[in-house]
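Below are the chains, spelled out letter by letter.
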Amino acid sequence: MIKLLSTDFDGTIVNHDTTPPVDPDFFKLLARMRQEGVLWAVNTGRVLWHIEEGLHELKFPVEPDFVLTSEREVFHRGPDRKWQDFGDWNARCAEAHDRLFSEAGRLLADIEDFLAKHTRAHPIYEGERLIGLAAESDDEMDHVVDFLAKECSRVPGFQFMRNTIYVRFCHEAYSKGTALGELARLTGISRDEIFAAGDHYNDLPMLDGRHAAWVACPGNAVDAVKRTVKGVGGYVAEGLCSVGIVQALDHFLAAK
């Protein structure tokens, strides 16, 4: 029934407020599923070096087969066990974002002006390119998101992903959901064989039923995620982070 797991990292698998940060039962269950040929993808907003750092620091006893990073890129392990591009998705993604940002100069300037005049949020740059921002609170981020939702339609394809007090600007065609869809295509695994779990706004594109038939969220997920998961017949766990993901997997595997 399930051949591929796509899980967010921080707040879904990793609970930074507990020791250990990942429930050992998660790895026990994952190891059993691995014996049945199930693959695991960490689908994260972290960039590649940052998720590599996180995996190294936490010393997971079971390593992911794939990492989907920056809410849009797809990597698999090469012959040397290092992460490398899987297919040409990442190249197409980079090209699309270069075009998008070249067309969004006026919009990005107006966003910078809004942040400076009306918020205490901090812009985030990659070189000279404004790629996102960090607010000082959730309430401030709500205010910023209201502004962005109105302004982004000025540039076709321009979108943003929110995760806690952070926003990353992106092309609407590239998200955790579409990256998961590309991974499914490359591995030959169908939507009906994919489980996805996440806790925050940037996880919504992989939890709306388009790319995974089996969706879940932990008890600490934001309300928008819980509503989305419930809306497609998924499982909203009571447990926090990995404890909740074990509950969700147990639920679906019992149904099997």
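In what follows, the structure referred to is the one given above.
So, a few notes on the structure that sits alongside this text. (Residues numbered from 1 in each chain as written. Predicted model: local features only at pLDDT ≥ 70, side-chain atom pairs only at ≥ 80, totals over all residues. Heavy atoms only, no water.)

**Things to note about the state of the cysteines**
Taken as a whole and assessed by the stated rule, the structure comprises zero disulfides. Here Cys217 stays unpaired: no disulfide links it, and the sulfur of Cys241, its closest cysteine neighbor, is 11 Å away. The buried category is assigned to Cys241, whose relative accessible area is 5%. (Disulfide = S-S within 2.5 Å. Buried < 20%, exposed > 50% of the residue type's maximum accessible area, 1.4 Å probe, protein only.)

**Details of the sheet that holds strand β6 (residues 122-126)**
Across the sheet, which stays open at both edges, the four strands sit in the order β6-β7-β9-β8 with antiparallel pairing between neighbours. Of all the strands in the sheet, just β6 and β8 (158-163) have a single pairing partner and so form its edges. Direction aside, the axes of adjacent strands within the sheet are offset by 35° on average. Packed onto the sheet, helix α4 (residues 105-118) meets β6, β7 (129-134), β8 and β9 (166-171) and runs at close to 35° relative to β7. (Pairing = 2+ DSSP bridges. Helix = DSSP H or I, 4+ residues; strand = E, 2+ residues; numbered from the N terminus. Axes fitted to C-alpha atoms, helices over the stretch in contact; angles between N-to-C directions. Contact = heavy atoms within 4.5 Å.)

**Some points on the environment of Val74**
Positionally, Val74 belongs in strand β4 (residues 73-77). Separated by 102 residues in the primary sequence, Val74 and Lys176 place their C-alpha atoms 9.6 Å from one another. In contact with Val74, other than residues within four places in its own chain, are Val67, Leu68, Gln84, Asp85, Phe86, Trp89, Asn90, Ala179 and Leu183.

**Observations regarding the sheet that holds strand β12 (residues 235-236)**
With mixed pairing, eight strands are arranged side by side in an open sheet as β5-β4-β3-β2-β1-β10-β11-β12. Since the sheet does not close on itself, it has two edges, and those belong to β5 (83-85) and β12, each with one partner. Alignment of strand β1 (residues 4-7) against strand β10 (residues 194-197), held across four bridges, turns out to be parallel. The residue of β10 that forms the bridge with Leu5 is Phe195.

**Considering the pairing of β10**
As a general feature of sheets, a regular strand has side chains that alternate between the two faces. Burial along β10 is two-sided: the face carrying Ile194 and Ala196 and the face carrying Phe195 and Ala197 are both buried. Across three bridges, β10 lies against strand β11 (residues 214-217) in parallel orientation. The residue bridging Ala197 from the neighbouring strand is Ala216, located in β11.

**What to know about the nonpolar core**
Among the nonpolar cores identified, the biggest contains 29 residues, and Leu5, Phe26, Phe60, Phe195 and Leu249 are the most heavily contacted of them. Among the elements of the structure, α1 (24-35), β2 (39-43), α2 (48-58), β10 and α8 (241-255) are those that each provide at least two residues to this core. (Core = buried A, V, L, I, M, F, W, Y, C linked by side-chain atoms within 4.5 Å.)

**A closer look at the pairing of β7**
As paired elements, β6 and β7 share five bridges and run antiparallel to each other. Following the sheet pairing, His122 is matched in β7 by Ala134. The antiparallel pairing of β6 with β7 creates a hairpin that spans two residues between the two strands, and Gly127 there sits at a positive phi of about 70°. Pairing of β7 with β9, which is carried by three bridges, proceeds in the antiparallel orientation.

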